[in-house]
Amino acid sequence: MSRLLHIDSSARSGQSGRDPHGSHTRRLSARFIERWHAQSPQDAVVYRDVGVSAPKPVDGEWVHAAFTPAERRRDWMVERLAESDAIIDEALASDIIVAGVPMYNFGPPAQFKAYIDNLVRVGRTFGFDRSRPGEPYWPMLAGQEKQLVILTSRGDYGYGPGGRLEERNHVENSVRTAFEYIGIDISHVVAIEYDEFADHRVAASIAAAEAQVDRLVEQLLAERVRQAA
Ligand SMILES: Cc1cc2nc3c(=O)[nH]c(=O)nc-3n(C[C@H](O)[C@H](O)[C@H](O)COP(=O)(O)O)c2cc1C
């Protein structure tokens with residue numbers, strides 16, 4: 001049995017192909033979860049929609065609370081960290097994190113960045129000890145075989161490896177880096193391009209991305225069967 005965490009972060013609430021002006025990343029993430037569930041209905045899925053309900057961004061109170069040792073936290077600090085705790089508990093309890101992350105101004109949307117800033121927390125998802133010889137930081141989720149699936153979409157084209165805009169793409173690398181930092185270092189990416197062109201190219205890109213999602217679901221389910229054998 002696997003535990004899936006499904007996250008959406010598009011500001012568009014509907015799905016493309018189903019709702020007018022709907023989101024491509026919501027379409028891909030829903031497809032991943034539906035196809036997975038069709039083949040493995042016993043698996044638990046937890047859903048978090050940061051596009052509709054964004055985590056509160058990190059502020060001075062959050063930093064003060066997070067860097068106060070747990071046993072010395074006052075009530076307001078515990079309260080300020082409650083949302084971060086819920087975000088972390090969900091990630092700790094999941095095997096596969098399926099995240100819809102559109103490109104907004106070359107990076108992830110602010111609501112997904114707020115999610116990451118609440119997830120990456122000293123003492124809960126990464127450790128820090130300045131007296132530790134060599135490397136003072138360590139990933140607290142390492143060795144758990146958790147996997148991240150990034151489902152992204154952009155209006156222009158050529159942001160992939162070797163593409164004309166590759167250097168302007170700060171979505172996948174920034175998301176992967178943050179997850180690797182806490183120990184989730186197995187990741188997969190599927191992208192849609194050409195959204196702004198609204199022609200046959202976006203249609204072809206969607207079809208290719210959907211086929212990639214389907215193959216990825218098959219691949220991850222097959223891996224699970226192999227690991228269980
Ligand atoms: C605020 C905003 C910023 C965007 N910035 C970019 C960008 O930097 N590069 C790009 O190619 N497309 C950009 N787009 C287009 C989106 O990446 C594209 O519409 C994508 O499909 C959005 O994901 P969604 O379909 O899941 O909502 C932007 C769209 C919005 C709303």
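For the structure, see preceding data.
Numbering of residues starts from 1 in each chain and follows the order in which that chain's sequence is written. Local features in this predicted model are restricted to residues whose pLDDT is 70 or higher, and side-chain atom pairs enter the listing and the counts only when it is 80 or higher, whereas totals over whole chains, interfaces and linings include all residues. As a rule here, side-chain values cover all heavy atoms of the structure and leave hydrogens and water aside.

Visitor: Just give me the short version of the site of the ligand, but keep the residues and values in it.
Guide: Within the structure, the ligand sits among 17 residues, and Ser10, Ser23, Thr25, Ser153 and Asp195 are positioned closest to it. Between His24 and the ligand, the recorded distance is 2.8 Å, taken from a backbone N or O atom to an oxygen atom. Areas reported here follow the Shrake-Rupley algorithm with a probe of radius 1.4 Å; residue values treat only the protein chains shown as occluding. Taken by itself the ligand offers 630 Å² of open surface, and the protein chains cover 79% of this. Partitioned by chemical class, the residues of the shell around the ligand number 5 nonpolar, 7 polar and 5 charged. Put simply, a residue is near a molecule or strand once any heavy atom of it comes within 4 Å of that molecule or strand. Counted as a polar contact is a pair of N or O atoms within 3.5 Å, where, for protein atoms, one must be capable of donating a hydrogen and the other of accepting one, and residues adjacent in sequence contribute only when both atoms are in side chains. Ten residues, namely Ala, Val, Leu, Ile, Met, Phe, Trp, Tyr, Cys and Pro, are considered nonpolar, four, namely Asp, Glu, Lys and Arg, are considered charged, and the remaining ones, Gly among them, are considered polar.

Visitor: Before we move on, can you summarise the sheet that holds strand 2 (residues 44-49) with the specific residues and values?
Guide: Hydrogen bonding along the main chain pairs the strands of a sheet, whether they run parallel or antiparallel. A pair of strands is considered paired only if DSSP assigns at least 2 bridges between the two. Where helices and strands are cited, they refer to DSSP runs of H or I of at least four residues and of E of at least two residues respectively, numbered from the N terminus. Judged by pairing direction, the sheet is parallel, and its 5 strands sit side by side in the order 2-1-3-6-7 without closing on themselves. Each edge of the open sheet is held by one strand with a lone partner, namely strand 2 and strand 7 (186-192). Across the sheet, the mean angle separating the axes of adjacent strands is 15° when strand polarity is ignored. Pairing of strand 6 (residues 147-153) with strand 7, which is carried by 7 bridges, proceeds in the parallel orientation. Along strand 7, the bridge assignment pairs Leu151 with Val190. A fitted line through C-alpha atoms serves as each axis, taken over the contacting stretch for helices, and the angle formed by two N-to-C directions is quoted from 0 to 180°.

Visitor: Go over the packing of helix 1 (residues 24-39) against helix 7 (residues 200-228), please, and point to the residues and values.
Guide: When two helices pack together, their arrangement is given by the angle between the helix axes and the distance between those axes. Contact geometry of helix 1 with helix 7 gives a least axis separation of 10 Å together with a crossing angle of 35°. For helix 1 against helix 7, the interelement crossing comes out right-handed. Taken together, the residues of helix 7 that come into contact with helix 1 (itself represented by His24, Arg27, Leu28, Arg31, Phe32, Arg35, Trp36 and Gln39) are Val202, Ile206, Ala209, Glu210, Val213, Asp214, Leu216, Val217, Glu218, Leu220, Leu221 and Arg224. Here the contact of helix 1 with helix 7 is built from residues that sort into 11 nonpolar, 2 polar and 7 charged. Crossings are classed by handedness, with left-handed meaning an anticlockwise turn of the near helix from the far one by less than a right angle and right-handed meaning a clockwise turn. Contact definition: two residues touch when any of their heavy atoms are within 4.5 Å.

Visitor: Talk me through helix 1; I want residue IDs and the actual numbers.
Guide: The periodicity of an α-helix, 3.6 residues per turn, causes residues three or four places apart in sequence to face the same way. Multiplying 1.5 Å by the helix residue count minus one yields the expected span of that helix. With 16 residues, helix 1 should reach 22 Å at 1.5 Å per residue; the first-to-last C-alpha distance of 23 Å fits that figure. For each residue, the accessible area found with a 1.4 Å probe, counting protein chains only, is set against the maximum for its type, and the residue is called buried under 20%, exposed over 50%, and partly exposed in between. Within helix 1, the full set of buried residues consists of His24, Thr25, Arg26, Arg27, Leu28, Ser29, Ala30, Phe32, Ile33 and Trp36. Buried-residue contacts for helix 1 involve strand 1 (3-8), strand 2, strand 3 (96-100), strand 6, strand 7 and helix 7.

Visitor: Tell me about the side chain of Ser29, and name the residues and values.
Guide: Looking at the secondary structure, you find Ser29 in helix 1. One polar contact links the side chain of Ser29 to the main-chain carbonyl oxygen of Arg26, over a distance of 3.3 Å. Leave out the neighbours within four places in its chain, and Ser29 touches His6, Asp8, Val98 and Leu151.

Visitor: Could you give an account of the environment of Lys113, naming the residues involved and the relevant values?
Guide: With respect to the secondary-structure elements, Lys113 resides in helix 5 (residues 110-119). The exposure class of Lys113 is partly exposed, given its relative accessible area of 40%. Along the primary structure Lys113 and Pro55 are separated by 58 residues, whereas in three dimensions their C-alpha atoms are 9.2 Å apart.

Visitor: So, the nonpolar core: which residues are in play, and what are the values?
Guide: Take the buried residues of types Ala, Val, Leu, Ile, Met, Phe, Trp, Tyr and Cys, join any two whose side-chain atoms come within 4.5 Å, and each joined set is a nonpolar core. Counting residues in each nonpolar core, the largest one holds 28 residues, and the members touching the most others are Phe112, Tyr115 and Phe179. With near-sequence residues (within four places) excluded, Phe112 lies in contact with Ile7, Ser9, Val50, Ala99, Val101, Val175 and Phe179.

Visitor: How would you sum up the pattern of salt bridges? Please name residues and give values.
Guide: Any carboxyl oxygen of Asp or Glu that lies within 4 Å of a side-chain nitrogen of Lys or Arg is treated as forming a salt bridge with it. Summed over the entire model, instances satisfying the criterion amount to 21 salt bridges. In this structure, Glu210 engages Arg27 in a salt bridge whose closest nitrogen and oxygen atoms are separated by 2.9 Å. In this pair, Glu210 is assigned in helix 7 and Arg27 in helix 1, connecting sequence segments 183 residues apart. A single burial state applies to Glu210 and to Arg27, both of which are buried. In this structure, a network of salt bridges that share partners links the residues Arg27, Arg31, Arg35, Glu210 and Asp214.

Visitor: Help me get a handle on helix 5, residues and values and all.
Guide: Counting buried residues along helix 5, 7 of its 10 residues qualify, which places the element largely inside the surrounding structure. Those residues of helix 5 not exposed but buried are Gln111, Phe112, Ala114, Tyr115, Ile116, Asn118 and Leu119.

Visitor: Provide a residue-level description of the pairing of strand 2, including the pertinent values.
Guide: Direction of pairing for strand 1 relative to strand 2: parallel, over a ladder of 6 bridges. Residue pairing in the sheet places Leu5 in a bridge with Val46 of strand 2. The crossover handedness rule: strands pointing away from the viewer, path from first strand over the helix to second strand clockwise, crossover right-handed. Read as a crossover between parallel neighbours, the route from strand 1 over helix 1 to strand 2 is right-handed.

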